[in-house]
There are 2 protein chains.
Amino acid sequence: MTMPNRPTLSDAARPATYEVEAINERGEMVPTAIAGEHPLTIYLDKREIVTLMTLGHAPEALVLGYLRNQRLVDSIDSIAAVQVDWETDSAAVTTRRRSTRGLKQKMAKRTVTSGCGQGTMFGNLMEEIERVTLLDDVRLADSQLFDLIEQVRRHETIYKQAGAVHGCALARTTGPAAAEIMMFVEDVGRHNAVDAIAGRMWLDGIDGSDKIFYTTGRLTSEMVIKCAQMRIPFLVSRSGLTRMGHTIAERVGLTMLGRASGRHYLAFTGRHRIERTAPQATAIA
Amino acid sequence: MTMPNRPTLSDAARPATYEVEAINERGEMVPTAIAGEHPLTIYLDKREIVTLMTLGHAPEALVLGYLRNQRLVDSIDSIAAVQVDWETDSAAVTTRRRSTRGLKQKMAKRTVTSGCGQGTMFGNLMEEIERVTLLDDVRLADSQLFDLIEQVRRHETIYKQAGAVHGCALARTTGPAAAEIMMFVEDVGRHNAVDAIAGRMWLDGIDGSDKIFYTTGRLTSEMVIKCAQMRIPFLVSRSGLTRMGHTIAERVGLTMLGRASGRHYLAFTGRHRIERTAPQATAIA
């Protein structure tokens, strides 16, 4: 553990839901919970980086994960502090000496490839992804998968109350707590939720190579790239996928499951890591 | 009509879905349709602006709407041509003289407020939104709304085949074709879908002030801002909303309906524009 270098963090979660009044089709007043959404501007050593719109439920982890996934800071050890202040809707990140070398260059490269709720760092990240090797000698029994799906179903509290959020979970594939949820984050943006998980993993020094990443969101290229960046071999979603998500998952050898719900799933790529344990499997295989 | 100034457009839609093989929980091979996703880099007068990940179903309209909604070009008349070329995954936009004045400044301002799949131009846009006045003297009967919901339900072909896309529709509130869908766009990103509608409206000189905007996506701040930018008073979603979406809708006086499905809806803001026609309404009101 690298506790001496652990950054100092604020603990500034916002309330997840708020109640507003709505009128339904029968003219009745219906008090309705809605998800919070707050702008959060990240300053890295006083330099303004980005404004994220977030639920604000795990803002420090989100900031860390954003800096990690955008490759703006190379190591968690170089971060001295993350201070989130909702009075000013800002997150002040301070680094230890020498850690933001090349930031100006990285920011310049970002300009042309990122956009309003739409852009990607696709070019840069694909180069990096080509070099990723995911652990091959790791298995997921479908019974574990069904366990995980059931846990997620019970876990999604903000979504159930207010909708309008995406959830992400990280789980183990091995050990006595296999398939148990290690962390669960919801956010108004599906990329925020995955970044917050990445931030927590970075902070706690958690290795992704034997983990499962679950998301309620769609498996687009960026989601697959982020999963591979974290070295996680299993990516599971209850939604569908895009062709580019499929292509990238195939190229990096990721095990990608879509439409995972109840005791159903579709395995699209990296199927060798899946072990079927259901009775039907024995009959067929 | 400004036909003499209408830009020259390519017609380069990509196939919407592709088929891949998946293995289900019973070990059976299931041919599965998945949505396309392609990078599309926009060059404005040879300057690289952004790379969007898109379904590629209405790429020219998407490019126009992106430039419009990001306020990178002020008028459709200043655009001479949009040429989408999937060999190079690029869209070359050429403008008539003097039209990209101040672009460098705008791009600089973008840098700090936009992010990878997450960022917003919130600050800039909010200033603009404060000056928007939506037409108040326009009504939507809930019977029209139910009509529209039913049309959308029948219309969403890519979603039904492949999932992983969001759909947006534009409809009239008045005239013989009231509540009929004028345009419908699906894309892997919900912001792409709304931008493509904005692009088509710009191109065809369609005024938004008596229209309904429907989205399958969540009503976050950016969605509400884009709807107000297009001067559309009605924003309808089958999903939920966020608190900031609610706050902005209230501030600009937008009529915002969520959870619209079948013959149900929740009216959150601007309720005076909704006319209930259902029998229950008479009993209560």
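Residues numbered from 1 in each chain as written. Chains lettered and ligands numbered in written order. Predicted model: local features only at pLDDT ≥ 70, side-chain atom pairs only at ≥ 80, totals over all residues.

## Concerning the overall build of chain A
Across its full length, chain A holds nine helices and 15 strands. For chain A, the proportion of its 285 residues judged to be buried stands at 51%. Considering only residue pairs separated by 6 or more positions, chain A has 55% of its internal contacts joining residues 24 or more positions apart. (Helix = DSSP H or I, 4+ residues; strand = E, 2+ residues; numbered from the N terminus. Buried ≥ 20, exposed ≤ 12 C-beta atoms within 10 Å, placed from the backbone. Contact = placed C-beta atoms within 7 Å.)

## Some details on helix α4 (residues 142–155) of chain B
Residue and element names in this part refer to chain B. Helix length check: α4 (14 residues) gives 20 Å between terminal C-alpha atoms against 20 Å at 1.5 Å per residue, within 8%. Within α4, burial applies to D142, Q144, L145, L148, I149 and V152. All buried residues of α4 lie within an arc of 150° about the axis, which places them on one face of the element. Set apart from the buried face of α4 by more than 90 degrees, the exposed residues are R153 and R154. (Expected span 1.5 Å × (residues − 1). Arc of directions from axis to C-beta.)

## Overview of the sheet that holds strand β1 (residues 8–9) of chain A
Working definition: the strands of a sheet are paired by backbone hydrogen bonds and lie parallel or antiparallel to each other. Residue and element names in this part refer to chain A. Reading across the sheet, the five strands line up as β1-β6-β7-β4-β5 and stay open at both edges, with mixed pairing between neighbours. Every interior strand has two partners, whereas the edge strands, β1 and β5 (47–54), have only one. Sheet topology note: the strand β4 (residues 38–44)/strand β7 (residues 90–95) ladder contains four bridges and is parallel. Note on β7: the bridge partner recorded for T41 is S90. (Pairing = 2+ DSSP bridges.)

## Observations regarding the environment of F234 of chain A
All names here are of chain A. Topologically, F234 is positioned in strand β12 (residues 234–237). For the pair F234 and Q70, spaced 164 residues apart in the sequence, the C-alpha separation amounts to 21 Å. If sequence neighbours within four positions are ignored, F234 has contacts with L140, T173, I212, F213, T255 and R273.

## Description of the sheet that holds strand β9 (residues 166–172) of chain A
Sheet architecture is open: eight strands sit in the order β10(A)-β9(A)-β11(A)-β12(A)-β13(A)-β14(A)-β2(B)-β3(B), paired in mixed fashion. In this open sheet, the two strands that pair with only one neighbour each are β10 (181–187) of chain A together with β3 (29–35) of chain B. The sheet shows a mean angle of 30° between the axes of neighbouring strands, direction not considered. Across two bridges, the pairing between strand β14 (residues 264–269) of chain A and strand β2 (residues 17–24) of chain B is antiparallel. Directly across from A267 of chain A, in β2 of chain B, lies its bridge partner I23 of chain B. (Axes fitted to C-alpha atoms, helices over the stretch in contact; angles between N-to-C directions.)

## Considering the nonpolar core
Formed by 154 residues in total, the largest nonpolar core has its most connected members in V224 and L235 of chain A together with V224 and L235 of chain B. Setting aside anything within four residues of it in sequence, one finds V224 of chain B in contact with L219, L235, G245, I248, A249 and L254 of chain B. (Core = buried A, V, L, I, M, F, W, Y, C linked by C-beta atoms within 7 Å.)

## Side note on the environment of I274 of chain A
All names here are of chain A. Here I274 shows up in strand β15 (residues 274–275). In sequence terms I274 and F234 are 40 residues apart; their C-alpha atoms lie 9.4 Å from each other. For I274, the residues in contact, after removing those within four places along its chain, are L140, D142, T255 and A267.

## Considering the domain arrangement of chain A
Reports of interface size often rely on the accessible area that becomes lost once the parts have come together. All names here are of chain A. We note that the domain assignment places domain 1 (3–126) and domain 2 (140–284) within chain A. If you look at the interface, domain 1 gives 24 residues, while domain 2 gives 24 residues. Going through the elements one at a time, β3 (29–35), β5, α1 (59–69) and α3 (122–130) are the ones with two or more residues in the side of domain 1 that touches domain 2. Here the side of domain 1 that touches domain 2 takes eight residues from α1, the largest share from any one element. Its residues assigned to classes, the side of domain 1 that touches domain 2 comprises 16 nonpolar, six polar and two charged. (Domains from an automatic or database assignment. Nonpolar A, V, L, I, M, F, W, Y, C, P; charged D, E, K, R; others polar.)

## Quick look at unusual backbone geometry
All names here are of chain A. Of note in the backbone geometry, D45 takes a positive phi value of approximately 50° without being a glycine. Summarising the element assignment, D45 is placed in the loop between β4 and β5. Residue classification places D45 among the partly exposed positions, given that 13 C-beta atoms sit within 10 Å.

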